[in-house]
Amino acid sequence: MAAAGAALDGGRVSGAAMPRQMLPTLTGLRGFAAVMVLLYHIRGAMGGFLPDRVIAVLAEGYLAVDLFFVLSGFVLWWTYGAEFRDQGIRAAPRFIIRRFARIFPLHLAILSAMLLFAVALIVSGRDPGAHYSFAALPAHYLLVQNWGFGNGLTWNDPAWSISTEWAAYLLLAIAGGWLTRLPGGAWSFPLLIIAMAAGLGWWFAATGRASIGDDIPATGLLRCLVEFGIGILLCQWWTAQREGPRGTAIIYGTALGLVGAAALLFGVAGSQPAAVPLIMTAVVILALQASTAPRPLLSGRIAQWLGDISYAVYLSHFFLWILFKLFFVDDPALVHPVKILAFILLTLAVSHLLHIALEVPGRRIAQRAGDRLLAAPRTIFAAGGSET
């Protein structure tokens, strides 16, 4: 959520990467996951017209962040794995520049808008409250706020998952060459990720936490790293298995086995934190298979558009909801369904504008600046060599 965020490319290959097959179902899935996070954050306003059972379903929307983490690990290895295999640690600077350019421009813009909002509250004589902690701002601007530096979510709450993904990117840049040597056998992958998920569940239980969404400032980083790592392993395994003679049977059998393992971990051991990563991995596996069909699932224009603007939806909706309630809502617990629909449409429209006017141009500018920075030492060295 990476998250967020975060599955930030969703199967679309950037210009910096090796050409790979498009995986449109992942893009569409990312879009709907972002909408689930949006609905999760506004569910408290819909109690006046939605049944409790529906509200209970929306209350699980935070789990879409776990889907983002697995998607992100898969997509980044799908996009950059060949570079790490061929170049090792030498691929790290280019990779980091691409990831910085992808996530920081929009994050900095949204956070700065919230800062201006908090300042406006102070100037008007109102207390913005502890949620707008100025002491926490430096960590937020650096995207390290969820690395164990704080005790609660402040400013743009959903950005916690982008913070943890930024940590995952940095670790991947360091360890990418080593990860190319991991086994991709038919059974080594499911056994390894079941062990990883069980270990995550054990840690949550040992620290007295029952839900994977508990105490995000303390648990979010490990949650992201485990699921991001599972996504990388999934990419290596799926790429190897789909070309084998029994690849399809193994892939679907593994997805079914992961669901079964999740059911055992949740139903018998009572460990939701262990079950969630396995369920999300199975969902991504099925989405990957759907992407290779003659008519891929979620490959329509609306689904692809949602996927394209999903990062903007994810990062902007929380602040937009604050502003919407301030100007248009009397009782935040009882919002008319027409206003809810208006807010969702407003968020999609603003996210579209942010995507085309800020996110994409900002990414290009940051990439060009980073490329010039990388090229500067070679230029200086070449100039020095010509003088001698």
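Provided above is the structure to which this section pertains.
Given the structure is predicted, the values throughout are model-derived calculations rather than measurements.

### Quick look at the packing of aromatic side chains
- This model, assessed by the stated rule, comprises 26 aromatic pairs.
- Where Tyr40 meets Tyr62, the ring centres are 5.8 Å apart and the plane angle is 55°; that geometry is what we call tilted. Of the two residues, Tyr40 is situated in helix H1 (residues 24-42) and Tyr62 in the loop between helix H2 (52-58) and helix H3 (64-87); the sequence distance between them amounts to 22 residues.
- Residue classification places Tyr62 among the buried positions, given a relative accessible area of 15%.
- When the centroid spacing of 6.4 Å and the interplanar angle of 85° are considered together, the rings of Trp166 and Tyr169 count as edge-to-face. In this pair, Trp166 and Tyr169 are both assigned in helix H6 (residues 159-179), 3 residues apart and thus about one turn of the helix distant.
- A connected cluster of aromatic rings, assembled from ring pairs, spans Trp77, Tyr80, Phe84, Phe95, Phe100, Phe104, Trp166, Tyr169 and Phe228.

### Considering the environment of Phe266
- Position of Phe266 relative to the elements: it lies in helix H9 (residues 247-267).
- On the basis of relative accessible area, Phe266 is assigned to the partly exposed category, the value being 48%.
- Setting aside chain neighbours within four positions, we find Phe266 in contact with Ser271, Gln272 and Ala275.

### Quick word on a nonpolar patch on the surface
- A cluster of nonpolar side chains, contributed by Val119, Ile122, Val123 and Phe134, occupies part of the molecular surface with about 360 Å² of accessible area.
- Inspection of the secondary structure assignment puts Ile122 in helix H4 (residues 92-123).
- Take Ile122: its relative accessible area is 44%, and that puts it in the partly exposed class.

### Re the nonpolar core
- Core analysis: the biggest nonpolar cluster contains 96 residues, and Leu26, Phe74, Leu172, Leu234 and Trp238 have the highest contact counts within it.
- If you tally residues by element for this core, the top one is H3, at 14 residues.
- Contact partners of Phe74, with chain neighbours within four places excluded, come to Leu23, Leu26, Gly231, Ile232, Leu234, Cys235, Trp238 and Leu288.
- One finds Tyr132, Leu137, Trp155 and Phe318 within the second-largest nonpolar core, a separate group that totals 11 residues.

### A closer look at the state of the cysteines
- Using the criterion set out here, one finds 0 disulfides in the structure.
- Take Cys224: it sits in no disulfide, and the sulfur closest to it among the cysteines is that of Cys235, at 17 Å.
- With a relative accessible area of 2%, Cys235 lands in the buried category.

### Some words on the environment of Leu137
- Tracing the sequence through the fold places Leu137 in helix H5 (residues 137-141).
- For Leu137, a relative accessible area of 8% gives the class buried.
- In this structure the C-alpha to C-alpha distance between Leu137 and Gln367, which are 230 residues apart in sequence, comes to 25 Å.

### Comments concerning the environment of Arg363
- Structurally, Arg363 can be placed in helix H13 (residues 337-387).
- Ignoring any residue separated from it by four or fewer positions in sequence, one finds Arg363 in contact with Ala101, Arg102, Pro105, His355 and Leu358.

### Concerning the pattern of salt bridges
- Applying the stated criterion across every chain, the model contains 6 salt bridges.
- In this structure, the salt-bridge partner of Arg363 is Glu359, at a minimum N-O distance of 4.0 Å. Note that Arg363 and Glu359 are positioned in helix H13 at a spacing of 4 residues, about one turn of the helix.
- With a relative accessible area of 21%, Arg363 lands in the partly exposed category.
- Assessed through its relative accessible area of 2%, Glu359 is described here as buried.
- Residues participating in the shared-partner salt-bridge network are Arg102, Glu359 and Arg363.

### Notes on H9
- Relative to the 30 Å expected for 21 residues at 1.5 Å per residue, H9 spans 30 Å between its end C-alpha atoms, a close match to the ideal helical length.
- Three or more residues of H9 are buried, namely Gly247, Ile250, Ile251, Thr254, Ala255, Leu258, Ala261, Ala262 and Leu265. Buried residues along H9 cover an arc of 135° about the axis, so they all sit on one side. Along H9, exposed side chains directed more than 90 degrees from the buried face belong to Ala249, Leu256, Leu264 and Gly267.

The rules behind these values
- Residues numbered from 1 in each chain as written.
- Predicted model: local features only at pLDDT ≥ 70, side-chain atom pairs only at ≥ 80, totals over all residues.
- Heavy atoms only, no water.
- Phe/Tyr/Trp six-rings, centres within 6.5 Å; stacked < 30°, edge-to-face > 60°.
- Helix = DSSP H or I, 4+ residues; strand = E, 2+ residues; numbered from the N terminus.
- Buried < 20%, exposed > 50% of the residue type's maximum accessible area, 1.4 Å probe, protein only.
- Contact = heavy atoms within 4.5 Å.
- Patch = residues over 30% accessible without salt bridge, like charges linked within 9 Å, V, L, I, M, F, W, Y side chains within 5 Å.
- Areas by Shrake-Rupley, 256 points an atom, 1.4 Å probe, with all protein chains shown as cover.
- Salt bridge = Lys/Arg side-chain N within 4 Å of Asp/Glu carboxyl O.
- Core = buried A, V, L, I, M, F, W, Y, C linked by side-chain atoms within 4.5 Å.
- Disulfide = S-S within 2.5 Å.
- Expected span 1.5 Å × (residues − 1).
- Arc of directions from axis to C-beta.

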